[in-house]
Amino acid sequence: MANVAINSTLPKFRSDLIVSQQRTHSGLFVVVKDPVGGQFFRFGEVEQFILGQLDGTRSLDDVRRLAESRFGAELSQEMLTHFLGGLNRSGLLEGEKASRPRRAFVPGKFHGTPLLTRLPLYDPTRIMDWLLPRTRLFFTRGFVVLSAAVIFVGIVTLASNWNGFVQDVSRLYQLSSILPLVLVMLVMVSIHEFAHGMACRRFGGEVHEIGFMFVYFQPAFYCNVSDAWLFPERAKRLWVGFAGPYFELFLWAVAVLVWRVTAGDAWINALAVIVMAVSGLKTLLNFNPLIKLDGYYLLSDLLDIPNLRKKSFRHIGDLLKRLVGLNVPPASPISERERRVYLTYGLVATAYSMALLVFVAWKTGGFLIDNGQPLALGLFGVLAGAKFRRRVRRLMGTGATHTDDDIPDTSRPDSALSSPVPAPHGSPSSPVPARVESNGHGGAHRTSKKVLPSMPRLRLLILGAAALLVVLLFGRMELRASGPVSVLPEENADIRTSVEGIVEEIYVDEGDRVRAGDPIATLSSQTLETNLHSTEADVREARAVLQGLVKGPTNVEIQVTRATLAKTEAAADYAATQLARVSQLFQLGAVPRAQLDDARAAVTAAEGVKVEAQRRLNVLLAGTRPDEIEAARARLERLESQQSDLSEQCAKLKIVSPVSGIVATPSRDLKAMKRQLIQSGGLIAKVYDYETVAAQIRVPEKSIGEVRPGQPVELRTRADPNLTFHGRVKSIAVAADAAPVTEAASPLPVTHSGGDKVFVVTSLIDNRSLFLRPGMTGQAKVLCGRRSVIDLLTRQLVRTLNVEVWSWW
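Note that this is a predicted model, so its numbers are computed, not measured.

**Student:** An account of the overall build of the protein chain is requested, with residue identities and associated values reported.
**Tutor:** Along the protein chain, the regular secondary structure elements total 20 helices and 19 strands. Burial analysis of the protein chain (809 residues in total) assigns 41% to the buried set. Total accessible area on the protein chain stands at roughly 43,600 Å², and carbon and sulfur atoms take up 60% of it.

Here's what the structure looks like:
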C-alpha cells in the first residue's frame, strides 16, 4: 500500500463490516467491527469521510482532493498512504493483497502474553437466547429500585453487625472451607459474567465468547461483550459494564440479609458468609478505577474516552520527557477537558501502579529473604525488574509494540474486565490521522524518536544530580523507631473491703476526682456492731475487778466484815436454840415433823453464812494474792484487744481512697452495688492516677538497637490524631516478647508480622490535661538521633545483606 500509484484505483472498504455512528464530547466518531476477526476500530470524522470514499472506483489522488475540499486543509500523499496502509494491515480493505483478519473465536487456543492470557471456552449465544425471555424481570425499572433498596439495607445491616461478621468469617480459616469457597466463587463469577453478557444481548449486541484467563498469573473468567461499543447510546454501554458488579452486589446484599436472619449453625448461614466474603472483596476490587476491571471501564465509558489508561500514561510520559529536556514528537491535538482528565488519572494511576509494584516486591522479597530462598529471590528480582522496566518504558512511550495494555481489550475478566476498549482514534481535527490504532492485533502504533537534551538542560540535570548527591551524603534526618502503643496509668488502686458488710452509701461517681483519704463508700454490719458493744461492757467490768484486787482490803471493809461475821454467829446460835426447842416439842408430839426439818435447815444455812463470813474476814486479813491480780489483768487485756480489733473493723466500714486520682468504675456498677452484701476483699471501685501515664511501645526487634533510655518520645492516639504528646524513654524490656500478639490477648493493634519479636519500651507522658485515658491505643515513635540521609535509605538493605543474606554463605 506504500507504493500505490496516484491514479490507480484504491481497494474497496469491506462491505461486511459493521459500522456504528456515535457522538461524544470530542465530536462525531464511528466504531467499526470486523465480524470475522472480532476486532473493533474507532475513527473520527476525517477518517470516516475517507472511508466513505473507498468504494473501489476512486484513486488515491481523488480521495486526497475530495478530503482537502471537504475539510479545507492540505493532505499529503504520504499521510494518506500511511493511513490506507494501516487499514490494509488491519484487514479492513477488500482485494487480493489485503491482509486477512484472523478468526475471532478459537475455542481451546490461548491468546495474549504470559502476564495476560485468554483461553476461550465456548459460545454462550444459545444459552443466553434461552435465558433472555425468562429473565425479563431483571431488566425492569422496578427491579432496579428494589435491588437498590436491598443493597442499601444490606450495607446498613452489615455495618451495624460488623463484629459478628468478622467472627463468622474466622470460621472460614480452615481446610474444610476451601472447597465451598472455590465452588461459591465459581458460581458467583459465572453469574457476574453472565450478567454482563445478558445485558449486552438485551440491548442487541452479540456475545460469542466466554472463557478463562490468567491476569498476572491469577485465574479469572471473562465474557467478551465488545459489541457494547456499537451501541450509540452511552447509557447502554454503561449498563453493560455495570450489570455484572451490580447484580453481584445485589446477591451480596441478599446474602447479608440471609446471614442476619438465620441461625449461626445452619448450613445456609455458612453459605451466606462465604458469599458475603467472596462477593464483598470482589466488588471492592471491581469498582477500583485504577486497575483494568469494571471500575476502570465504567469510568472510561462515562468520560467517553476509550483506552483512557494508555492515553493518560502516554500524556504523563510526554510531560516527563519535556521536563527533562527531551524532544517529544507532536501528538494529536486534545481538548482542555481531555488534558485535565489525562493529567489527573495519569498521575493517580501511575502513583498507584508504582506503589503497588514496590509494595509487592518489598513484601515478596522480604518473605523470600526471611525464609532463605536465594534462588527464588533472584528469579523474582528478574521478573519484578522486567515488570518495572516495562512500566517505565510504557510510561515514557518506548518499548515493544505490544504491552499488557496493548492486548485486545475485547474481553472482560472475572472481577470484571467488563467493557471492551476500542482502538484509540486519530485526531478528529487533523485532516488525516497520524496512525490507525486498534484494540486488535492490527494497526500501526506511534513511535517516538529520543533526542538528547539540550546543553542548558543537560547542565541543569547534572547540577540537580550533584545537589541530590550532596543531600544524600551530608543531609541529616531523624532516625525513628516506631510501634503501636498502649496507655496505662502510672499508678492505679483497686479499692476493696476489709470486712464483710452491706453497702449503705456510695459517695463517688465515675470520673470524680478524689484525694487520698476521701470517703468512697460506707458499709453496715449488725453483727460487728453488737459484738463491739458487748465487748466494751466486758472490758468495763474486768477493769473494775482488777482495780479492786490491786487496791486490797480497807479497815472499813474489815470492820464491816467482822460485824457481818458477828451477825452470822448470832444467827447461827439462834438457829441452834430454836432447833433444840423444836426437837423437845417434837419428842412430846407437840409439833409436826416438818417443823423439825425446817429448824434443821435453818441451822445449816446459818452455819454456811457464818463460814463464808469467816472466810471473807480471813481473806481480808490475809490481803490479795498476786496470781489473782495477774489473772484479772490478763482477762482485761484479752477483752481490750478484742475491743480494739472490733473497733478497727467497724472503722473499716467507712471505705476511703488510698491514693489521689479519678474514679474509673462505671456509674452503673457503682449504683448497682447499693444495699448489696459485699464479702471481705470485694471490689468497690478503681481509682486511677493518670496525671502522668505510662506509654508502652512495642518496638520491633529490627529497630530496638537504636533505642536508649532518655530519648524523646512522640505519641498520637486514635482518639485524636491531631494531638501529639511528648515524653522520654524510661525503660526498655530486658527480654523480647516472642509470643504472637492478637487482638484478644492485647489492646495493641497488630502491625508487625506474626513471627516478629518485639521489645516493650516504657515512656512516662505528662497528662495533666487528662486527655489520655488508660487503655487508649495509637502509634508512638522514639527519636533516636539524626543520621545521614543515605544511611536512613540504605539501613534496611544493609541489615538484610549483613544478616539474612550473610547467613546463606
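**Student:** Describe the packing of helix 7 (residues 178–202) against helix 8 (residues 234–261), with residues and values.
**Tutor:** For the pair helix 7 and helix 8, interaxial distance at closest approach is 8 Å and the crossing angle is 145 degrees. Judged by the sense of rotation from one axis to the other, the crossing of helix 7 with helix 8 is right-handed. Here M188, I191, H192, A195, H196, A199 and C200 of helix 7 come into contact with helix 8, specifically with W239, V240, G241, A243, G244, P245, F247, E248 and L251. Split by residue class, the contact of helix 7 with helix 8 holds 11 nonpolar, four polar and one charged.

**Student:** Hey, could you go over a negative patch on the surface for me, with residue numbers and the actual values?
**Tutor:** Taken together, the side chains of D509, E510, D512 and D669 define an acidic patch exposed on the protein surface. On the secondary structure map, D509 appears in the loop between strand 9 (501–506) and strand 10 (513–514).

**Student:** Explain the packing of helix 6 (residues 162–169) against helix 9 (residues 267–286) to me, and be specific about the residues and the numbers.
**Tutor:** Where helix 6 contacts helix 9, the axes come no closer than 10 Å and their chain directions differ by 100 degrees. The angle between helix 6 and helix 9 places the two elements in the roughly perpendicular class. Every residue of helix 9 that contacts helix 6 at F165, D168 and V169 is listed here: N269, V273, M276 and A277.

**Student:** So, helix 1 (residues 45–53): which residues are in play, and what are the values?
**Tutor:** For an α-helix, the turn length of 3.6 residues means that residues three or four places apart are oriented alike. Of all the residues in helix 1, the buried ones are V46, E47, F49, I50, L51 and Q53. Residues of helix 1 that are buried sit in contact with strand 3 (40–43), helix 2 (60–71) and helix 3 (77–89).

**Student:** Give me the lowdown on the confidence of the model for the protein chain, citing residues and values where you can.
**Tutor:** The share of residues in the protein chain with pLDDT of 70 or more is 80%, and the mean pLDDT across the chain is 77. Note that residues 399–454 has pLDDT below 50 and, in this model, 200 contacts with residues that lie over four places away or in other chains. Within the model, the stretch residues 739–755 combines pLDDT values under 50 with 23 contacts to residues more than four positions away or in other chains.

**Student:** Could you give me a rundown of the pattern of salt bridges, with the residues and numbers involved?
**Tutor:** Summed over all chains, the structure comprises 23 salt bridges. Note that K781 is salt-bridged to E714, the shortest N-O span being 3.7 Å. Residue K781 is located in strand 19 (residues 777–788), and its partner E714 is located in strand 16 (residues 712–717); the two are separated by 67 residues in the primary sequence. D766 is paired through a salt bridge with R768; the nearest N and O atoms lie 2.6 Å apart. According to the relative accessible area criterion, R768 is exposed, its value standing at 65%. Look at the salt bridges and you will find they share partners, linking D61, D62, R64, R65 and E68 into a network.

**Student:** Report on the sheet that holds strand 11 (residues 519–524), specifying residues and quantitative values.
**Tutor:** The strands making up a sheet associate through hydrogen bonds between their backbones, and the pairing can be parallel or antiparallel. Spatial ordering of the open sheet is given by 12-11-9-14, a layout of four strands whose pairing is antiparallel. The outermost strands of the open sheet, each flanked by one partner alone, are strand 12 (654–656) and strand 14 (677–678). Relative to strand 14, strand 9 runs antiparallel, the two being bridged by two bridges. The residue bridging G501 from the neighbouring strand is I678, located in strand 14.

**Student:** Outline the environment of Y688, listing residues and values.
**Tutor:** On the secondary structure map, Y688 appears in strand 15 (residues 683–700). Sequence spacing of Y688 and E490 is 198 residues, and the spatial spacing of their C-alpha atoms is 8.1 Å. Apart from residues lying up to four places away in sequence, Y688 is in contact with P489, E491, N492, G661, I662, A664 and P774.

**Student:** Explain the pairing of strand 15 to me, using residue names and the numbers behind them.
**Tutor:** Where strand 8 (residues 476–496) and strand 15 come together, 11 bridges link them in antiparallel fashion. Pairing of D494 across the sheet is with K686, part of strand 15. Pairing analysis gives two bridges linking strand 13 (residues 661–663) to strand 15, with the strands arranged antiparallel. Across the sheet, the residue bridging to I662 is Y688, located in strand 15.

**Student:** Please provide a residue-by-residue account of unusual backbone geometry, values included.
**Tutor:** Phi at R675 takes a positive value of approximately 65 degrees, unusual for a residue other than glycine. For R675, the location among the structural elements is in the loop between helix 19 (667–672) and strand 14.

**Student:** Now, about the sheet that holds strand 1 (residues 18–24): what can you tell me, with residues and values included?
**Tutor:** The sheet built from three strands is open, its strands ordered 1-2-3 with antiparallel pairing. Only two strands of the sheet have a single neighbouring strand rather than two, namely strand 1 and strand 3. Recorded for the sheet is a direction-independent mean angle of 25 degrees between the axes of neighbouring strands. Sheet topology places strand 1 next to strand 2 (residues 27–33); seven bridges connect them, and they run antiparallel. Each bridged residue has a counterpart across the sheet, and for Q22 the counterpart in strand 2 is F29. In the packing of helix 1 onto the sheet, the strands contacted are strand 1, strand 2 and strand 3, and the crossing angle to strand 3 comes to about 110 degrees.

So, how was this worked out
Residues numbered from 1 in each chain as written. Predicted model: local features only at pLDDT ≥ 70, side-chain atom pairs only at ≥ 80, totals over all residues. Heavy atoms only, no water. Helix = DSSP H or I, 4+ residues; strand = E, 2+ residues; numbered from the N terminus. Buried < 20%, exposed > 50% of the residue type's maximum accessible area, 1.4 Å probe, protein only. Areas by Shrake-Rupley, 256 points an atom, 1.4 Å probe, with all protein chains shown as cover. Axes fitted to C-alpha atoms, helices over the stretch in contact; angles between N-to-C directions. Left-handed = near helix turned anticlockwise from the far one by under 90°. Contact = heavy atoms within 4.5 Å. Nonpolar A, V, L, I, M, F, W, Y, C, P; charged D, E, K, R; others polar. Patch = residues over 30% accessible without salt bridge, like charges linked within 9 Å, V, L, I, M, F, W, Y side chains within 5 Å. Salt bridge = Lys/Arg side-chain N within 4 Å of Asp/Glu carboxyl O. Lys, Arg positive; Asp, Glu negative; His and termini not counted. Charge placed at Lys NZ, Arg CZ, Asp CG, Glu CD. Parallel < 35°, antiparallel > 145°, perpendicular 65-115°, else oblique. pLDDT = per-residue confidence, 0-100. Pairing = 2+ DSSP bridges.

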